[in-house]
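Remarks on the overall topology
Residue strings, one per chain:
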Amino acid sequence: MEHHIFKKGEDTIVEGIAHFDLGSTLDCGQCFRWDRNDDNDYTGIAYGKVVRVVQKNDTLIFMKSTIEDVQSTWYEYFDLGTDYGAIKNTLSENDPVMAQAVQFAPGIRLLRQPVFETLVSFIISANNSIPNIKRVISAMSRMWGERVIYDDREYFSFPDARTLAKSEVCDLKLTKAGYRCDYIKKTSEAFSLNPVSKDSLASMEYSMAKKKLMEFTGVGAKVADCTILFTGSNYRAFPVDVWIKIIMEKLYIGKETAVSHIGDAAYQLFGDLAGYAQQYLFHYARMNRIGKD
């Protein structure tokens, strides 16, 4: 896929982006470091860089950003090089449920986020609300992250594993992460000694990658799948919670099924595109209140 990338004043423009909606992508629960501004643009931080971005039809405007930053960080982060039209066509072929589902969130893309940040973020997400998850991550970043200045304002990157490993649990509790503080501390210690990269996860068989992540304290099947999927390591991953379980049972399986078998059923249905299917199904069900009756 070819996009036109060029400078316009202080901004970098990317034109020709199809099958993408900025708001749907950033507000769907896969990331926690972005805030919507009054003009419906978003400011966020990832990989130690801050950007303010707005979408106008098929164009993304990265404000006060260099072409180099867009090409090296944000283009990959937003997965702009992937043909989502082809993915939706493949999933929808001979599947009337999915053909309907993709219409409800046609512009969602799966982000490619840093592994350690994503892992800890979803440890924090357990039994938690999105606003509170964001508050905890923001507090953690302010306490231990690197200060970044953008547009005369200060932001803080997510701390690395080595830094969090050296933190005290009592200090972590100041972030109001609750019982998850022990998990974060132990996972940070283990990760700093044996880091896991996106490339290493992608090179493993899916089951081995999931097993590797579940060795970290506080990481169950869902957190592992979220980490694999939302870092772009393997799109077979199919995170399953109670909501997704009900959706799969009602729309595809037709009977009550153990959570541990839902992912296998999804793979049989969607193959290596199961992670994309999960996002479309989730929003389809939410908009139609499937499972709420």
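Residues numbered from 1 in each chain as written. Predicted model: local features only at pLDDT ≥ 70, side-chain atom pairs only at ≥ 80, totals over all residues. Heavy atoms only, no water.

1. Overview of the side chain of Glu249
Its place among the elements puts Glu249 in helix 13 (residues 242–253). One polar contact links the side chain of Glu249 to the main-chain amide nitrogen of Thr257, over a distance of 2.8 Å. In this structure Glu249 touches Gly254, Lys255, Glu256 and Thr257, once residues within four positions along its chain are discounted. (Helix = DSSP H or I, 4+ residues; strand = E, 2+ residues; numbered from the N terminus. Polar contact = N/O pair within 3.5 Å; in protein donor to acceptor, adjacent residues only side chain to side chain. Contact = heavy atoms within 4.5 Å.)

2. Here we look at helix 3 (residues 84–92)
Working note: α-helix, 3.6 residues per turn, so residues spaced by three or four point in the same direction. Taken as a whole, helix 3 has its buried residues at Tyr84, Gly85, Ile87, Lys88, Leu91 and Ser92. Along the axis of helix 3, the buried residues cluster in a sector spanning 160 degrees; they form a single face. Turning to helix 3, the residues buried within the fold contact helix 4 (96–101), helix 14 (259–270) and helix 15 (274–288). Immediately beyond the C-terminal end of helix 3, within one or two residues, lies Asn94, with a positive phi of roughly 60 degrees. (Buried < 20%, exposed > 50% of the residue type's maximum accessible area, 1.4 Å probe, protein only. Arc of directions from axis to C-beta.)

3. Quick notes on the pairing of strand 5 (residues 49–56)
Here five bridges tie strand 4 (residues 42–46) to strand 5, and the two strands are oriented antiparallel to one another. For Ile45, the partnering residue across the bridge sits in strand 5 and is Val50. A loop of two residues connects strand 4 with strand 5, the two strands running antiparallel in sequence, and Tyr47 in this loop sits at a positive phi of about 55 degrees. Pairing between strand 5 and strand 6 (residues 59–63): five bridges, direction antiparallel. (Pairing = 2+ DSSP bridges.)

4. Observations regarding empty space enclosed by the protein
Under the defined criterion, the tally for this structure stands at one cavity of 30 Å³ or more. Its boundaries defined by the atoms lining it, the largest cavity holds a volume of some 70 Å³. (1 Å grid on protein atoms, 1.4 Å probe; cavity = no way out; pocket = protein on both sides within 12 Å on 5 of 7 lines; lining within 4 Å. Points joined across faces, edges and corners; volume = space filled by probe spheres on them.)

5. Remarks on the pattern of salt bridges
Two side chains carrying opposite charge are able to pair once their charged atoms lie near each other. In total, this model carries 14 salt bridges according to the counting rule given. The partner of Asp41 in a salt bridge is Arg52, with the nearest N and O atoms 2.2 Å apart. Placement of the pair is Asp41 in the loop between strand 3 (34–36) and strand 4 and Arg52 in strand 5, with a sequence separation of eleven residues. Three or more residues joined by partner-sharing salt bridges are found here, namely Glu76, Asp79 and Arg112. (Salt bridge = Lys/Arg side-chain N within 4 Å of Asp/Glu carboxyl O.)

6. Some details on the nonpolar core
Nonpolar side chains in soluble globular proteins tend to end up buried together. Counting residues in hydrophobic clusters, the biggest one holds 63 residues, and the most contacted among them are Met140 and Phe270. At eight residues, helix 15 tops the list of elements feeding residues into this core. Not counting the four nearest positions on each side in its chain, Phe270 is found in contact with Leu91, Asp95, Met98, Phe238, Met248, Tyr252, Ala277 and Leu281. Grouped together as the second largest cluster of nonpolar side chains are 25 residues, Trp34, Val70, Trp74 and Tyr155 included. (Core = buried A, V, L, I, M, F, W, Y, C linked by side-chain atoms within 4.5 Å.)

7. Things to note about the sheet that holds strand 4
Hydrogen bonds along the backbone pair up the strands of a sheet, which may run parallel or antiparallel. The six strands are arranged 1-2-6-5-4-3 in an open sheet whose pairing can be described as antiparallel. At either margin of the open sheet sits one strand with a lone partner, and together these are strand 1 (4–8) and strand 3. For this sheet the average axis-to-axis angle between neighbouring strands, irrespective of direction, equals 25 degrees. In the sheet, strand 3 pairs with strand 4 via three bridges, with the strands oriented antiparallel. In the strand pairing of strand 4, Asp35 is matched with Thr43. Packed on one face of the sheet, helix 2 (residues 67–77) meets strand 1, strand 2 (11–15), strand 3, strand 4, strand 5 and strand 6 and runs near 75 degrees to strand 5. (Axes fitted to C-alpha atoms, helices over the stretch in contact; angles between N-to-C directions.)

Note that all results are geometric; they support no functional claim without further evidence.
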